[in-house]
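Chain residues, written in single-letter form:
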Amino acid sequence: MEQVASALRSPERLQSPVLKPACARLCEGDIPIAELGPILIASPHPDDETLGCGGLISRCAELGCSVTILAMTKGEASHPGDRHWQTRLAQIRGAEQRRALNVMGFSDPDIIELGLPDGGLESLSTETLQRACVKIREIIHSRRIQTLFVPAVDDCHADHQITAKLLADVARDYPFRYFFSYQIWLPTSRRLSVTTNEREYGHDISSLIALKRSAIFQHQSQLNVVDPNHTEGFRMPPTLLDAKLGNTESFALVSDPAAWSS
Ligand SMILES: [Zn+2]
């Protein structure tokens, strides 16, 4: 992955930290929702945005804030099968993601699908990654995105790690206001460079838990068998659901995203 990140860098990229001075005034505590501006949530698989940021998304809908979902993959590899099945599963999961966002308050959610291979971000060519970066830059420029939410760079799922590094690379030359990470799968170990680069924030979602639970329930393919011929595959563990349905959603404000891609 270090190789991937290096390949994405070009000499003319800005090397200075991306965050504006305003970030330095933030104290640890609740996320400053009113200051976020248009946000983009990078979601490696259809359900990560719901699990990691479902309460935040619902709050944004409540307040009329703009939310764009960057769907890195279509999640077609969660249950093994032939190409026909994978195409169908991708459609099922895309529809689930859309319904979940409907539940969270966005009747016509802004979802951008990159269509990268589920389970294969680590193996993508440099050229493909560069094309993805170009497209992500176009998306954030056209929507005037000011705040990013991306998976934690030390999440133990490789697709999540690569997504984090790609977005950190994009952040190098874009004046984001805030760059937050959310954790889905716990790291096997935490690197010092990650922990010293982050400050913890939370958002009280106690009044939104029922909504978030209902949104997660839309991802039926990840909770139950949706096709009797494809019963093998991923199923959300109860421990994950318990962790994501607590009273607070946790995020980390990343002070220097560039450190992630170096
Ligand atoms: Zn995922």
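Residues numbered from 1 in each chain as written. Predicted model: local features only at pLDDT ≥ 70, side-chain atom pairs only at ≥ 80, totals over all residues.

Novice: Provide a residue-level description of the pairing of strand β3 (residues 67-73), including the pertinent values.
Specialist: Among the seven residues in β3, six count as buried, and that is most of the element. Across five bridges, strand β2 (residues 39-43) lies against β3 in parallel orientation. Its bridge partner lying in β3, Ala42 is registered against Leu70. Read as a crossover between parallel neighbours, the route from β2 over helix α2 (residues 48-63) to β3 is right-handed. The sheet contact formed by β3 and strand β4 (residues 110-116) spans five bridges and is parallel. Among the inter-strand pairings, Thr73 is bridged to a residue of β4, identified as Leu116. A crossover links β3 with its parallel partner β4, the connecting element being helix α3 (residues 83-103), and its sense is right-handed. (Buried ≥ 20, exposed ≤ 12 C-beta atoms within 10 Å, placed from the backbone. Helix = DSSP H or I, 4+ residues; strand = E, 2+ residues; numbered from the N terminus. Pairing = 2+ DSSP bridges. Right-handed = clockwise from strand over helix to strand, strands pointing away.)

Novice: If you had to explain the sheet that holds β2 to someone new, which residues and values would you point to?
Specialist: Reading across from one edge, β1-β7-β8-β6-β5-β2-β3-β4 is the order of the eight strands in this open sheet, with mixed pairing throughout. Of all the strands in the sheet, the pair left with one neighbour each is β1 (29-30) and β4. Pairing of strand β6 (residues 178-182) with strand β8 (residues 248-254), which is carried by two bridges, proceeds in the antiparallel orientation. Across the sheet, the residue bridging to Phe180 is Leu253, located in β8. Packed on one face of the sheet, helix α4 (residues 126-142) meets β2, β3 and β4 and runs near 175 degrees to β4. Contacts from helix α5 (residues 158-171) reach β2, β3, β5 (147-151) and β6, with the element oriented near 155 degrees to β5. (Contact = placed C-beta atoms within 7 Å. Axes fitted to C-alpha atoms, helices over the stretch in contact; angles between N-to-C directions.)

Novice: Lay out the pairing of β6 with the relevant residues and their values.
Specialist: Of all five residues making up β6, five are buried, and the element is well covered by its neighbours. Here five bridges tie β5 to β6, and the two strands are oriented parallel to one another. Paired with Phe149 across the bridge in β6 is Phe180. For the handedness criterion, the β-α-β arrangement of β5, α5 and β6 is classed as right-handed.

Novice: A description of α4 should follow, citing residues and the corresponding values.
Specialist: Taking 1.5 Å of rise per residue, the 17 residues of α4 would be expected to cover 24 Å, and the 24 Å separating its terminal C-alpha atoms lies within 8% of that figure. Along α4, the residues that are buried comprise Leu129, Ala132, Ile136 and Ile140. Each buried residue of α4 lies within a common arc of 70 degrees when the element is viewed along its axis, so the set occupies one face. In α4, the exposed residues that point more than 90 degrees away from the buried face are Glu127, Val134, Glu138, His141 and Ser142. Just downstream of α4 lies Arg144, where phi reads positive at about 50 degrees. (Expected span 1.5 Å × (residues − 1). Arc of directions from axis to C-beta.)

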